[in-house]
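# Structural description and commentary
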Amino acid sequence: MPLAFSVVHVDASAVSAGVLAILCPKGSLVPAGLTALDDALGGALSRSFARGAFVGKRDEVLHLSGGATGPERVLVIGMGVVTDGPAALKRAAQLAARRANGLNTASMAIIVPTGLNAVDLEQVVIGASMGAWEYRELKSPPTEPRTTLERISIVVEDEATAAAGLASGESIAAGYSLARRLQMMPGNLCTPDALADAARDIAARHAMDVTVLGRREMEALRMGSFLAVAQGTPQEPRLIALEYRGAGDARPIVLAGKGVCFDTGGISIKPAPGMEWMKYDMSGAAGVLGAMEAIARLKLPINVVGLVGAVTNMPSGTAINPGDVVQASNGTFIEIVNTDAEGRLVLADVLHYAKKYDPVAVVDAATLTGAVVIGLGNSLMGVLGTDATLVQDVLAAGARASEPGWELPLWPDYEEQIKSDTADIKNTGGRAAGTITAGLFLKVFTEGYPWVHLDVAGTAYSENDLVSLPKGPTGRPVGTFVEFVRARVS
Ligand code: BES
Ligand code: MN
Ligand code: ZN
């Protein structure tokens, strides 16, 4: 059941929720307006502040038991020294919801710092929704029934301003939830057909057009690169196009995603330890579908096409071998020297297909290289593109969504690394500058429009439990896509 959000204008002491979370910047005194609550708690709040038991460091949590009336429990959540308001609010709300969801209660109220605008409120809603998110579909119900969070009310001064942020926050949160669910689904359930069904479902609910191509249609379009990956698996590959029309016949933005539902590496097989993480190799596709869901809910007056290249990368008797040469739909001959560099083979044909929409811009997201994890770690996505303004727009969008990225150059010298003796190009350029040579490979297929590529291999999921998020899918870059598109609304 999705979380229900509301905004209320009440005194903190009158909140009747199971948990009251107070989001608190560092160094603040007991927040104004909480005197009655403090009294109800027998002065526990002011004593904790006075004794330095709570100072408001980022991710600090003070857990108090409620009084005879008002909330049953109080969580004071530290925001640290706030330099980026929306990001700090999102993080604190996320932590609050994550903690509250483990406290066996159905309802939480959140006290936010004073003076928040709709943008701030939006981040509180997104953060709280993400913090409470769980994937329980493949777990048997617990023997001891547990109450999970169902309702969150945000205590605000001005309900009218807050309502706008609430609505848009819920739309974006729905996009993240959709993406994270698809990401979390294992490879035997999240197949290319399942991604196509997810796209059809979005299309049906929001009256969008959806086109799903299979092997035969891709053969007709001479997509030899995408099909080379698909030839090793009996599963039907799917090229999915989801068209959102909010602005009549205007030229669209295209969002494209790598949807490798499981990446074994193919004949260039990956080592066994940790291979299970490769169910997340469809995270770019999940990001696109999540963004399309959010954009439709936001009813943005703009045209957006979501493209997904969905396939599974398997070794088999029919699989491609290292050294094989295939021809992509734009005519380029590709020598496949490593079958584990499959994402770029899929995206090659998807990016060329994007041209038919005459797009104003194309942004793709892919868990493309291990090298981006070495270079930028798990906080920053790699951002590469052919148009400096577009790169800056995408970086700014990522910053607004607290999904920061860092630009890497499409340095022409490195094109040398992907030259092939046999064909036009080869699909890997060795270890040096691995994320950049992958970007240079993709660039070959992006003629005719400005393009930015997001390498989200380090950020789309987390192999470790983070303070504000559990290990697993992060939903990135849903927020970046949505912020980018939203800023383009004229
Ligand atoms: N899906 C992987 C990239 C990846 C690595 C994603 C780690 C998430 C975490 C991609 O298909 C891949 O295997 N890339 C190779 C390319 C190499 C063979 C040139 C890599 O990065 O090792
Ligand atoms: Mn691979
Ligand atoms: Zn891959």
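Above this note sits the structure.
Below, the structure is looked at part by part. Throughout, residues of each chain are indexed from 1 in the direction in which the sequence is written. Chains carry letters from A onward and ligands carry numbers from 1 onward, assigned in written order. Totals for whole chains, interfaces and linings use every residue, but because this is a predicted model, local features are given only for residues with pLDDT of at least 70 and side-chain atom pairs only at 80 or more, for both listing and counting. Values shown for side chains rest on all heavy atoms present in the structure; no hydrogens or waters enter the calculation.

A word on the sheet that holds strand E12 (residues 333-336). In this scheme, strands are said to pair when DSSP sees at least two bridges between them. Numbered from the N terminus, helices here are DSSP runs of H or I no shorter than four residues, and strands are runs of E no shorter than two. One open sheet accounts for 3 strands, arranged E11-E12-E16; its pairing is mixed. Of all strands in the sheet, those bounded by a partner on one side alone are strand E11 (324-327) and strand E16 (425-426). Pairing between E12 and E16: 2 bridges, direction parallel. Among the inter-strand pairings, Ile334 is bridged to a residue of E16, identified as Ile425.

Ligating atoms shown are N, O and S within 2.8 Å of the metal, or 3.2 Å for Na, K and Ca, and water is not included, meaning a site may look less than complete. Taken together, the protein ligands of the manganese ion (ligand 2) are Asp263 (OD), Asp340 (O), Asp340 (OD) and Glu342 (OE), with distances of 2.0 to 2.2 Å. In this structure, the manganese ion (ligand 2) is surrounded by 6 donor atoms whose angles at the metal cover 71 to 167 degrees, and the resulting shape is irregular. In primary-sequence terms, the residues that donate to the manganese ion (ligand 2) follow D-x76-D-x1-E. If you look at the manganese ion (ligand 2) and the zinc ion (ligand 3), they sit 3.1 Å from each other and are both ligated by Asp263. The buried label goes to any residue with under 20% of its type's maximum accessible area, the exposed label to any with over 50%, and the partly exposed label to all in between, with areas taken from a 1.4 Å probe on protein chains only. Taking the relative accessible area as the measure of exposure, Glu342 reaches 0% and is therefore buried. Geometry assignment treats four donors as tetrahedral when all angles are between 85 and 135 degrees, treats four as square planar and six as octahedral when opposite donors are over 155 degrees apart and all others between 65 and 115, and treats everything else as irregular.

Neighbouring ligand 1 are 16 residues; Lys270, Asp281, Asp340, Glu342 and Gly370 lie closest to it. Measuring from an oxygen atom of ligand 1, one finds a side-chain N or O atom of Lys270 at 2.8 Å. In the environment of ligand 1, an oxygen atom lies 2.8 Å from a nitrogen or oxygen atom belonging to the side chain of Glu342. For ligand 1, whose free accessible area comes to 510 Å², the fraction covered by protein is 79%. Classes in brief: Ala, Val, Leu, Ile, Met, Phe, Trp, Tyr, Cys and Pro nonpolar; Asp, Glu, Lys and Arg charged; the others, Gly included, polar. Per-class residue counts for the shell around ligand 1 are 4 nonpolar, 5 polar and 7 charged. Consider each residue's heavy atoms; a residue with any of them within 4 Å of a molecule or strand counts as near. Whenever two N or O atoms come within 3.5 Å, that pair is a polar contact, provided that in protein one can donate a hydrogen and the other can accept it, and provided that, for residues adjacent in sequence, both atoms are side-chain atoms. The method behind every accessible area is Shrake-Rupley, applied with a 1.4 Å probe, and residues are considered shielded solely by the protein chains displayed.

Let us look at the pairing of strand E2 (residues 19-24). Within a regular strand, the side chains alternate between the two sheet faces. When you tally the buried positions in E2, you get 6 out of 6 residues, the bulk of the element. Because side chains alternate across E2, one face comprises the buried residues Val19, Ala21 and Leu23, and the other comprises Leu20, Ile22 and Cys24, equally buried. Looking at chain direction, E2 and strand E4 (residues 73-78) are connected through 6 bridges and run parallel. Across the sheet, the residue bridging to Cys24 is Gly78, located in E4. As paired strands, E2 and strand E5 (residues 107-111) are joined by 4 bridges and run parallel to one another. Paired with Ala21 across the strands is Ile110, a residue of E5.

Another aspect to go through is the coordination of the zinc ion (ligand 3). The coordination sphere of the zinc ion (ligand 3) contains the protein donors Lys258 (NZ), Asp263 (OD), Asp281 (OD) and Glu342 (OE), at a distance range of 2.0 to 2.4 Å. Around the zinc ion (ligand 3) sit 6 donor atoms, and with donor-metal-donor angles ranging over 77 to 174 degrees the site reads as octahedral. All donors of the zinc ion (ligand 3) belong to a single chain; written as a sequence motif, their spacing is K-x4-D-x17-D-x60-E. Given a relative accessible area of 3%, Asp263 falls into the buried group.

Right, let's talk about unusual backbone geometry for a bit. Glycine aside, negative phi is the norm for most residues, and most peptide bonds take the trans geometry. With omega at 0 degrees, the peptide bond leading from Arg476 into Pro477 counts as cis. You can see Pro477 is positioned in the loop between strand E19 (472-473) and helix H14 (478-487). Backbone geometry places Asp59, a non-glycine residue, at a positive phi of 70 degrees. Along the chain, the position of Asp59 falls in the loop between helix H2 (44-50) and strand E3 (61-65). Within the chain, Arg222 stands out as a residue other than glycine whose phi angle is a positive 60 degrees. Mapped onto the elements of the fold, Arg222 is located in the loop between helix H7 (215-220) and helix H8 (224-230).

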